[in-house]
Amino acid sequence: MKGLKFSAASQAAQALGWIDPVTKAVVPPIHMASTYQRDEDNAYSSGRVYARADNPTFDQAEATLAALEGGAKALIFSSGMSAASACFLALAPGDHVVVPKVMYWALRNWLATFATHWGLEVDFVDAEINDALAAAVQPGRTKLVWLETPANPTWGVSDIAAAAEIAHKAGALLGVDSTVATPVLTRPLEFGADIVMHSATKYLNGHSDIIAGALVTAREDAYWTRLRTIRAQLGTILGQTEAWLLMRGMRTLFPRVQWACRSAQSMAERFADHPMVADVLYPGLPSFAGHAVAARQMKGGFGGMLSIRVKGGERAAIATAARVELWKRATSLGGVESLIEHRASIEGPGTPCPPDLLRLSVGVEDGNDLYDDLDQALRRAHNA
Ligand SMILES: *Cc1c(COP(=O)(O)O)cnc(C)c1O
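Basis of the calculations
Residues numbered from 1 in each chain as written. Predicted model: local features only at pLDDT ≥ 70, side-chain atom pairs only at ≥ 80, totals over all residues. Heavy atoms only, no water. Helix = DSSP H or I, 4+ residues; strand = E, 2+ residues; numbered from the N terminus. Rg over C-alpha atoms; globule rule 2.2 N^0.38 Å. Buried < 20%, exposed > 50% of the residue type's maximum accessible area, 1.4 Å probe, protein only. Contact = heavy atoms within 4.5 Å. Areas by Shrake-Rupley, 256 points an atom, 1.4 Å probe, with all protein chains shown as cover. Phe/Tyr/Trp six-rings, centres within 6.5 Å; stacked < 30°, edge-to-face > 60°. UniProt positions renumbered as here; feature names shortened; annotations may be inferred. Pairing = 2+ DSSP bridges. Axes fitted to C-alpha atoms, helices over the stretch in contact; angles between N-to-C directions. Polar contact = N/O pair within 3.5 Å; in protein donor to acceptor, adjacent residues only side chain to side chain. pLDDT = per-residue confidence, 0-100. Parallel < 35°, antiparallel > 145°, perpendicular 65-115°, else oblique. Left-handed = near helix turned anticlockwise from the far one by under 90°. Near = heavy atom within 4 Å. 1 Å grid on protein atoms, 1.4 Å probe; cavity = no way out; pocket = protein on both sides within 12 Å on 5 of 7 lines; lining within 4 Å. Sits in = over half its atoms within 2 Å of the grid points. Nonpolar A, V, L, I, M, F, W, Y, C, P; charged D, E, K, R; others polar. Right-handed = clockwise from strand over helix to strand, strands pointing away. Expected span 1.5 Å × (residues − 1).

1. Here we look at the overall build of the protein
Next up, step 1: Helix and strand counts for the protein come out as 14 helices and 12 strands.
Next up, step 2: For 384 residues, the compact-globule estimate of 2.2 N^0.38 gives 21 Å, and the C-alpha radius of gyration of the protein, at 21 Å, lies within 12% of that figure.
Next up, step 3: Principal axes of the C-alpha set define a box for the protein whose edges measure 80 × 50 × 35 Å.
Next up, step 4: When the 384 residues of the protein are sorted by exposure, 54% land in the buried category.
Next up, step 5: Partitioning the contacts of the protein with sequence separation of at least 6, the portion at a separation of at least 24 is 71%.
Next up, step 6: When the accessible surface of the protein is summed, it comes to about 16,100 Å², and 55% of that surface belongs to carbon and sulfur atoms.

2. Notes on the packing of aromatic side chains
Next up, step 1: Under the defined criterion, the tally for this structure stands at 4 aromatic pairs.
Next up, step 2: With a centroid separation of 5.2 Å and 55° between ring planes, the pair formed by Phe88 and Trp146 is classed as tilted. Linking Phe88 in helix 3 (residues 80–89) with Trp146 in strand 4 (residues 142–148), this pair joins segments that are 58 residues apart in sequence.
Next up, step 3: For Phe88, a relative accessible area of 0% gives the class buried.
Next up, step 4: By relative accessible area, which is 0% here, Trp146 ends up buried.
Next up, step 5: Taken together, a centroid distance of 4.6 Å and an interplanar angle of 35° make the contact between Phe271 and Tyr371 tilted. Of this pair, Phe271 sits in helix 10 (residues 253–271) while Tyr371 sits in helix 14 (residues 367–383); the two residues are 100 residues apart in sequence, bridging distant segments of the chain.
Next up, step 6: Classification of Phe271 by relative accessible area gives buried; the value is 0%.

3. Details of the UniProt feature "modified residue: N6-(pyridoxal phosphate)lysine" (unreviewed entry) in the protein
Next up, step 1: The sites that carry the UniProt feature "modified residue: N6-(pyridoxal phosphate)lysine" (unreviewed entry) are, in the present numbering, Lys202.
Next up, step 2: Position of Lys202 relative to the elements: it lies in the loop between strand 6 (195–199) and strand 7 (213–217).

4. Re the sheet that holds strand 1 (residues 73–77)
Next up, step 1: Read from one edge to the other, the open sheet built from 7 strands follows the order 1-7-6-5-4-2-3, with strand pairing classed as mixed. Each edge of the sheet is formed by a strand with only one pairing partner; in this case those strands are strand 1 and strand 3 (121–125). Ignoring strand direction, the axes of neighbouring strands in this sheet form an average angle of 20°.
Next up, step 2: Where strand 2 (residues 96–100) meets strand 3, 5 bridges bridge the pair, whose relative direction is parallel.

5. Quick look at the side chain of Asp375
Next up, step 1: With respect to the secondary-structure elements, Asp375 resides in helix 14.
Next up, step 2: Under the relative-accessibility criterion, Asp375 is labelled buried at 16%.
Next up, step 3: A distance of 2.7 Å separates polar atoms of two side chains, one belonging to Asp375 and the other to Arg379.
Next up, step 4: When neighbours within four sequence positions are excluded, Asp375 is seen to be in contact with Phe271 and His274.

6. Brief notes about the confidence of the model for the protein
Detailed reading of the predicted coordinates is not advisable wherever pLDDT is low.
Next up, step 1: Per-residue pLDDT for the protein averages 96, and the proportion of residues at 70 or more is 99%.
Next up, step 2: Predicted confidence in the protein is weakest over helix 13 (residues 343–347), with a mean pLDDT of 90, and strongest over strand 7, with 99.

7. With respect to the packing of helix 3 against helix 8 (residues 222–234)
Next up, step 1: Relative orientation of the contacting elements helix 3 and helix 8 amounts to 125°, with a least axis distance of 9 Å. For the element pair helix 3 / helix 8, the angle class is oblique. Crossing of helix 3 over helix 8 shows right-handed handedness. Between helix 3 and helix 8, the residues in contact are Ala86, Cys87 and Leu89 and Tyr223, Leu227, Ile230 and Leu234, respectively.

8. Quick notes on the site of the ligand
Next up, step 1: Lining the immediate surroundings of the ligand are 14 residues, of which Met81, Asp177, Ser199, Thr201 and Lys202 lie closest.
Next up, step 2: Contact between the ligand and Thr201: an oxygen atom at 2.7 Å from a side-chain N or O atom of the residue.
Next up, step 3: Taking Lys202, its side chain carries an N or O atom lying 2.7 Å from an oxygen atom of the ligand.
Next up, step 4: Taken atom by atom, the bulk of the ligand overlaps the largest pocket.
Next up, step 5: Of all the elements in the fold, those that place two or more residues in the shell around the ligand are helix 3 and strand 6.
Next up, step 6: A class-by-class count of the residues in the shell around the ligand yields 5 nonpolar, 6 polar and 3 charged.

9. Section: the packing of helix 12 (residues 313–322) against helix 14
Next up, step 1: Their axes nearest at 8 Å, the elements helix 12 and helix 14 cross at an angle of 130°. In terms of their interaxial angle, helix 12 and helix 14 are classed as oblique. For the element pair helix 12 and helix 14, the recorded crossing hand is right-handed. Side by side, helix 12 and helix 14 meet where Ala316, Ala319 and Thr320 of the first sit next to Leu374, Ala377, Leu378 and Ala381 of the second.

10. Focus on the side chain of Thr236
Next up, step 1: Mapped onto the secondary structure, Thr236 falls in the loop between helix 8 and helix 9 (240–250).
Next up, step 2: Non-local contacts of Thr236, meaning those with residues more than four positions away in its chain, are made with Phe77, Ser78, Ser82, Ile230 and Arg231.

11. Focus on the pairing of strand 2
Next up, step 1: Most of strand 2 is tucked away: 5 of the 5 residues are buried.
Next up, step 2: The alternating pattern of strand 2 places His96, Val98 and Pro100 on one face and Val97 and Val99 on the opposite face, and all of these are buried.
Next up, step 3: Remark: the strand 2/helix 4 (residues 105–118)/strand 3 crossover connection has right-handed handedness.
Next up, step 4: Across 3 bridges, the pairing between strand 2 and strand 4 is parallel.

12. Examining helix 10
Next up, step 1: Taking 1.5 Å of rise per residue, the 19 residues of helix 10 would be expected to cover 27 Å, and the 26 Å separating its terminal C-alpha atoms lies within 8% of that figure.
Next up, step 2: All buried positions along helix 10 are accounted for by Leu253, Phe254, Arg256, Val257, Ala260, Cys261, Ser263, Ala264, Gln265, Met267, Ala268 and Phe271.

Dropping the structure here:
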């Protein structure tokens, strides 16, 4: 696709327009090789040595994601967790980091346990409040500020541009977990972020059939070299078949996300007036606290994730989830099939998640079917 003059949606659909130079295939092969032959003069002219560092099957997914995010380079990882943890392991013991209080629970746990034992000083702050971020950074000591926006599972919105200014003034980098927004809706690097992280398990792949992660950088600097080295040394690479599936999934990223946004917006508006729903958490509702920032930062929709708080508390919420027929009761998000989850049950003790909350990942089914199914489940649970 010469000069990348087409829109991001067109670039994604055609994986940058790649055609195999020899066979003219429109889809790349899967390279299974774990090692590469040296030249007679002892050099590695292909640039490939051993597949713990990289694999040609990664190239297309990494180039496409870098283009979609407007970044210099991308790296795909074995999981979202290995991509996110690499961002912290690329720092040094004694460094200070500022991270959100409300964020993906497994990363929060890792930061509170492993990362802290390893020697990072971790401050958990309310990252929706710029003054809280500004008060937490320590100029010269803070090396990384981390955001997740919208943030699991209450979808609070952080102001990326304001956080970038705060981080950079203190000499720190800004990393953004943009799993939920996807490059369809938000490109964090345009707002000043240095690193974008994705659980590619979710929307990028979109079909609930691989675990994968990704990082995209604004520039190729020493920090990026450390991230690449960490992946090669720990071997937190994606398998080659999974990398191929990820690229296959990313080709439909735009229509999937746009469809899910439309259904989620309409569902949020309808559940806001539902007699068995106490509250709807969705950045697309004008009454939502983070709506104004989301409207600035998210283009073309507010995402496919929302949560409802069920009247009658935890028991009513679990009873509702038990009575859906179309929604699937499962953890995870961003797949073509819609998922419902009583989130506090999986996050366990100490979770900031309210016990009456059901997390909804809206897929690509008919939006009216999804509303009707959850509506009947809420009514039957209420009458049970
Ligand atoms: C799922 C998820 C992760 C973790 O990714 P894995 O691919 O499961 O390791 C991190 N952040 C967010 C927002 C997620 O939804």
